[in-house]
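Breakdown of the fold
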Amino acid sequence: IAGKGSTLSEGDKTDLQASFDQAVNSAQMATAYNPSNYLNFQLLGSVYQTVGTLGVKDAYSKAVLAYQNASSLNPLNPGLKLALAGASFADGKVKEAKDYANAALTLKPDYIDALITLSQIAKSEGDNAGALSYAETALSLAPTDKNLLQYVDSLKNPTPAPAPVTPPGKTKQ
C-alpha cells in the first residue's frame with residue numbers, strides 16, 4: 001500500500017493507518033511484555049523509522065527514543081548506534097547523526113555501514129572531500145565490493161548538471 005505513494009485511495013489510506021497502528025501497538029506490547037529485551041525496542045524503532053519515510057509526524061523522533069532504549073540495554077551494539085544515526089539523519093538532526101555514527105565506529109572501527117553513513121552525511125553538507133574520504137576508507141575494508149567501487153567513483157566523478165537548452169530560433173547571449 002505504501003508503495004503507491006500519492007495515488008492512495010481513501011480505502012488504502014484507512015488500511016495503511018490500520019496496519020501502522022497494529023505494527024506500533026504490537027511493538028509497544030512487546031516492550032511492555034519484556035522491557036529488558038533490547039530487540040523489542042529495536043523493533044519499535046524500526047517500525048517508527050519505516051513509517052517516518054511515509055511522512056508520519058514525529059515518527060523519527062519516536063524511532064530515536066526506541067533505539068536509545070535498545071542501546072541502553074545493549075550498549076556495545078554498534079548496529080543500534082547506527083540505527084540511531086539513520087533515524088537522526090532522517091529527522092534532520094545532522095550533529096546527532098554524526099555523533100551516533102562515530103559512536104558505532106568507536107565500537108567497531110571496521111564498520112563499513114557507519115563509514116558510508118558518515119560519507120552520506122558529509123555529502124549532504126556539501127563536503128565532497130570528507131564524503132570521499134569516508135567512502136575510500138570503507139572501500140579499503142572491502143576492495144572488491146562493486147557497490148562501494150561505484151559509490152566512490154560517483155564521488156570522484158560527480159555528474160555535472162546538464163547545460164541549459166537553448167530553445168529553437170533563439171541564440172545564446
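Conventions used here
- Residues numbered from 1 in each chain as written.
- Predicted model: local features only at pLDDT ≥ 70, side-chain atom pairs only at ≥ 80, totals over all residues.
- Heavy atoms only, no water.
- Helix = DSSP H or I, 4+ residues; strand = E, 2+ residues; numbered from the N terminus.
- Buried < 20%, exposed > 50% of the residue type's maximum accessible area, 1.4 Å probe, protein only.
- Contact = heavy atoms within 4.5 Å.
- Areas by Shrake-Rupley, 256 points an atom, 1.4 Å probe, with all protein chains shown as cover.
- Core = buried A, V, L, I, M, F, W, Y, C linked by side-chain atoms within 4.5 Å.
- Salt bridge = Lys/Arg side-chain N within 4 Å of Asp/Glu carboxyl O.

1. Here's the deal with the overall build of the protein
- Scanning the protein from terminus to terminus reveals 8 helices and 0 strands.
- If you list the helices and strands of the protein from N to C, you get α-α-α-α-α-α-α-α.
- When each of the 173 residues of the protein is scored for burial, the buried share is 34%.
- Excluding contacts between residues fewer than 6 apart, the proportion of contacts in the protein whose partners are at least 24 apart in sequence is 41%.
- When the accessible surface of the protein is totalled, it reaches about 10600 Å², and 55% of it is carbon and sulfur.

2. Focus: the nonpolar core
- With 21 residues, the main nonpolar core has Leu82, Leu105, Tyr111, Ala114, Leu148 and Leu155 as its most contacted residues.
- When contributions to this core are tallied by element, the ones reaching two or more residues are α4 (78-90), α5 (94-107), α6 (112-124), α7 (128-141) and α8 (146-156).
- Excluding anything up to four places from it in sequence, Leu82 contacts Ala104, Tyr111, Asp113, Ala114 and Thr117.
- Counting residues in each nonpolar core, the second largest holds 15 residues, with Val24, Val47, Ala63 and Leu84 among its members.

3. Notes on the environment of Pro109
- You can see Pro109 is positioned in the loop between α5 and α6.
- Pro109 gets classed as exposed once you look at its relative accessible area, which sits at 63%.

4. Considering the pattern of salt bridges
- The full count for this structure, using the stated rule, is 6 salt bridges.
- Across the pair Asp91 and Lys93 runs a salt bridge, and its minimum N-O distance is 3.2 Å.
- A salt bridge links Lys156 to Glu136, with the nearest nitrogen and oxygen atoms 3.7 Å apart. One end of the pair, Lys156, is in helix α8; the other, Glu136, is in helix α7, with 20 residues separating them in the sequence.
- Residue Lys156 is classed as partly exposed on the basis of its relative accessible area of 48%.

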